[in-house]
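Residue strings, one per chain:
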Amino acid sequence: MKKKVNVFVGLSLLWLCAVGANGAHAAETVVKPGMKAPAFTLPSQENTPVSLSDFKGKWVVLYFYPKDKSTGCTIEAHAYQGDLSKFEARNAVVLGVSLDTTESHKSFCTQDGLTFKLLADPERTVASEYGVPEMTFDGMKYDERDTILIAPNGNIARVWRKVDAREDSTIVLAEIAKLQGR
């Protein structure tokens, strides 16, 4: 019986990360296009600080996701990794953010060949600043799958809520191309 419960919990967690969860809690802040992007500094998978100010003059794709190594989150990370050269060609950087630790991010990056920065936000400081709702499932907390595009001038260019893990990278690339006029 205990094994069946563990399998159910595991499958439920995979589903949550793949499609999101209902019952998200209200976020503390609402960011909108045109607003100045909230400044932040978080540790990366290398345990080095990464700040928004490090990327002045670049497009910044700040994508929030529920959990390292889960099905939907892995699909989304692989899509961004596959499109990374396209983002770089458009003067854009990709930053993934979750509640996971730097150690978890390091393992995820090593296991899956991810070369862009994954930022650890276990206290939800940045998620709250960017209005990312918190989800709770089986007593565990997660960030909703949201993506924020920050323009080279430091303003919010676009906000996507409850994104599709399979399509997120493609949609963001298309938006950058549109905003760049090409």
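Residues numbered from 1 in each chain as written. Predicted model: local features only at pLDDT ≥ 70, side-chain atom pairs only at ≥ 80, totals over all residues. Heavy atoms only, no water.

## A closer look at the packing of aromatic side chains
Piece 1. Evaluated as defined, the whole model comprises six aromatic pairs.
Piece 2. Geometrically, the ring pair formed by Tyr63 and Phe116 is tilted, given 6.2 Å between the ring centres and 55° between the ring planes. One end of the pair, Tyr63, is in strand E3 (residues 59-64); the other, Phe116, is in the loop between helix H4 (102-112) and strand E5 (117-120), and 53 residues separate them in sequence.
Piece 3. For Phe116, a relative accessible area of 4% puts it in the buried group. (Phe/Tyr/Trp six-rings, centres within 6.5 Å; stacked < 30°, edge-to-face > 60°. Helix = DSSP H or I, 4+ residues; strand = E, 2+ residues; numbered from the N terminus. Buried < 20%, exposed > 50% of the residue type's maximum accessible area, 1.4 Å probe, protein only.)

## Observations regarding the environment of Ser98
Piece 1. Structurally, Ser98 is set in strand E4 (residues 92-98).
Piece 2. Ser98 sits 26 residues away from Arg124 along the chain, and the two C-alpha atoms are 8.2 Å apart.
Piece 3. The contacts of Ser98, once residues within four sequence positions are left out, are Tyr65, Pro66, Asp68, His105, Leu119, Ala120, Asp121, Pro122 and Asp143.
Piece 4. Within polar-contact distance, the side chain of Ser98 engages the side chain of Asp100 at 2.8 Å. (Contact = heavy atoms within 4.5 Å. Polar contact = N/O pair within 3.5 Å; in protein donor to acceptor, adjacent residues only side chain to side chain.)

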